[in-house]
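# Close look at the chain arrangement
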Amino acid sequence: MAPQAGSVRCLPFEFAILLVVLRFLSESKLVFLLMAKCDQGYICDVCGSPVEDMADSDLYLRYIAGQVAWNALNSTSERHIRCNPVEAQFIVDADFEAVEVEGDFAKQMLSPDDRREQEEWITQAWRRLQEVVNSDIPIIDYPLKRSTNR
Ligand SMILES: [Zn+2]
């Protein structure tokens, strides 16, 4: 027997098995790490560029507006705010360049009341997003709370 030759032949094989086992065991951890990394730059579903700034995140805008659940944040596709014009058209703020939509999904299709309500809500959500981005507020506390006066 030549143990050296044997171990040389065996090592890569055992190493490969070990890698497979390690990969299997730590898969959930790996996914978590990847997601944590992605938090710094999800890829936009529409234009393919990373959404580098949370202040520019359509996902977080919709989360704050109550349209995306907290536990869906990591599994919902990300976009730049301007890459989702149907939502972005409702942001009415001097610091946000207005987005116009034509056709069936233009906000002009809504009744004036619905349109105003939607503009107020999404604009509030957008302002809230700009505010929470550089704060210590926990993500769970980002969403706006509906007032009861309606
Ligand atoms: Zn985009």
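Computed from a predicted model, the values in this text were never measured in an experiment.

Tallying secondary structure elements over the protein gives five helices and two strands in all. Counting from the amino terminus, helix and strand elements in the protein follow one another as α-α-β-β-α-α-α. Here the protein holds 150 residues, and the buried ones make up 18% of them. The long-range fraction of contacts in the protein, counting pairs at least 24 apart against all pairs at least 6 apart in sequence, stands at 58%.

With that settled, consider the nonpolar core. With 15 residues, the main nonpolar core has Y60, L61, I64, I122, A125, W126 and L129 as its most contacted residues. Of all elements in the fold, only α3 (58-64) and α5 (112-133) reach the threshold of two or more residues within this core. Considering each element in turn, this core owes the most residues, five residues, to α3. The residues contacting L61, other than those within four sequence positions of it, are I81, E87, A125, W126 and L129.

Here α5 is 22 residues long and its end C-alpha atoms lie 31 Å apart, about the 32 Å a rise of 1.5 Å per residue gives. Along α5, the residues that are buried comprise I122, A125, W126 and L129. Each buried residue of α5 lies within a common arc of 100° when the element is viewed along its axis, so the set occupies one face. Facing away from the buried side of α5 by more than 90 degrees, the exposed set consists of P112, D113 and E120. Packed against the buried residues of α5 are α3 and α4 (85-88).

This next bit is on the confidence of the model for the protein. Per-residue confidence for the protein gives a mean pLDDT of 83, with 71% of residues at or over 70. A low-confidence stretch, residues 1-10 (pLDDT under 50), is modelled with one contact involving residues beyond four sequence positions or located in other chains. In this model, residues 36-40 is a region of pLDDT below 50 whose contacts with residues beyond four sequence positions or in other chains number zero contacts.

Here we come to the environment of Q118. Mapped onto the elements of the fold, Q118 is located in helix α5. Q118 gets classed as partly exposed once you count the C-beta atoms within 10 Å, which come to 16. Once the C-alpha coordinates of Q118 and K107 are considered, the two residues, 11 residues apart in sequence, prove to be 9.0 Å apart. When near neighbours in sequence (up to four residues on either side) are disregarded, Q118 contacts F90, K107 and L110.

Before going further, it helps to examine the environment of E117. Assignment of secondary structure puts E117 in helix α5. What makes E117 partly exposed here is the crowd of 14 C-beta atoms within 10 Å. For the pair formed by E117 and F90, sequence separation is 27 residues and the distance between their alpha carbons is 9.4 Å.

Cut-offs applied
- Residues numbered from 1 in each chain as written.
- Predicted model: local features only at pLDDT ≥ 70, side-chain atom pairs only at ≥ 80, totals over all residues.
- Helix = DSSP H or I, 4+ residues; strand = E, 2+ residues; numbered from the N terminus.
- Buried ≥ 20, exposed ≤ 12 C-beta atoms within 10 Å, placed from the backbone.
- Contact = placed C-beta atoms within 7 Å.
- Core = buried A, V, L, I, M, F, W, Y, C linked by C-beta atoms within 7 Å.
- Expected span 1.5 Å × (residues − 1).
- Arc of directions from axis to C-beta.
- pLDDT = per-residue confidence, 0-100.

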